[in-house]
Amino acid sequence: QVQLVESGGGLVQAGGSLRLSCAASGRSFGLSAMGWFRQAPGKEREFVAGISWTGGSRNYADSVKGRFTISRDNARNTVYLQMNSLKPEDTAVYYCAGETKPFGSGTPQNNYDYWGQGTQVTVSS
């Protein structure tokens, strides 16, 4: 069983940057597609970005393309989300997630079946 712990959230002004980290425990991390999701108050959880098990394929929601970058370091069992040019509408709890089935491509349709506890990101105007 893989456990995920997110960090790096906080309060930032519009136009600023944050980098989220997600540390994974467990031997299968390197074979798992990973993703970042977010949930704003009163809204459904939405896909933000995903990365394949090799890191060679990345997918983004239209709302974050060109501003956010997902990456992974399999040697450190960590996935990252670099967030630039932040907007107030990016305010949400951000969750890291992984897919147990190996060799996934990190699309929104992957079956992300283990999750972190979330980290709050607040962007002030």
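Let me sum up the structure you'll find in this document.

**Side note on unusual backbone geometry**
- You will see that Ser85, though not glycine, has its phi angle at about 50°, which is positive.
- Position of Ser85 among the secondary structure elements: in the loop between strand 8 (78–83) and strand 9 (92–102).
- Owing to a relative accessible area of 41%, Ser85 belongs among the partly exposed residues under this scheme.
- Positive phi outside glycine occurs at Phe103, with the angle close to 70°.
- Position of Phe103 relative to the elements: it lies in the loop between strand 9 and strand 10 (114–115).
- Looking at Phe103, the relative accessible area reads 52%, which means it is exposed.

**So, the packing of aromatic side chains**
- Counted by the stated rule, this structure contains four aromatic pairs.
- Aromatic side chains Phe37 and Tyr112 sit 5.2 Å apart centroid to centroid with 75° between the ring planes, which places their arrangement in the edge-to-face category. Placement of Phe37 in strand 4 (residues 32–39) and of Tyr112 in the loop between strand 9 and strand 10 is noted, with a sequence separation of 75 residues between them. An identical accessibility class is assigned to Phe37 and Tyr112; each is buried.
- Taken together, the ring pairs connect Phe37, Phe47, Tyr112 and Trp115 into an aromatic cluster.
- Here Arg45 stacks its cationic end above the ring of Trp115, 3.8 Å away from the centre of that ring.
- Geometry around Phe29 places Arg72 over its ring, the cationic atom sitting 4.6 Å from the centre.

**With respect to the pairing of strand 5 (residues 46–51)**
- For strand 5, a buried count of five out of six residues is recorded, marking the element as mostly surrounded by other parts of the structure.
- Sheet topology places strand 4 next to strand 5; five bridges connect them, and they run antiparallel. Each residue of the ladder has a partner; that of Phe37, found in strand 5, is Phe47.
- As consecutive antiparallel partners, strand 4 and strand 5 are separated by six residues, and within that stretch Gly42 has a phi angle of approximately 80°, a positive value.
- Strand direction decides the pairing type here: strand 5 and strand 6 (residues 58–60), joined by three bridges, are antiparallel. Looking at the pairing, Ile51 lines up with Arg58 of strand 6.

Basis of the calculations
- Residues numbered from 1 in each chain as written.
- Predicted model: local features only at pLDDT ≥ 70, side-chain atom pairs only at ≥ 80, totals over all residues.
- Heavy atoms only, no water.
- Helix = DSSP H or I, 4+ residues; strand = E, 2+ residues; numbered from the N terminus.
- Buried < 20%, exposed > 50% of the residue type's maximum accessible area, 1.4 Å probe, protein only.
- Phe/Tyr/Trp six-rings, centres within 6.5 Å; stacked < 30°, edge-to-face > 60°.
- Lys NZ or Arg CZ within 6 Å of the ring centre and 35° of its normal.
- Pairing = 2+ DSSP bridges.

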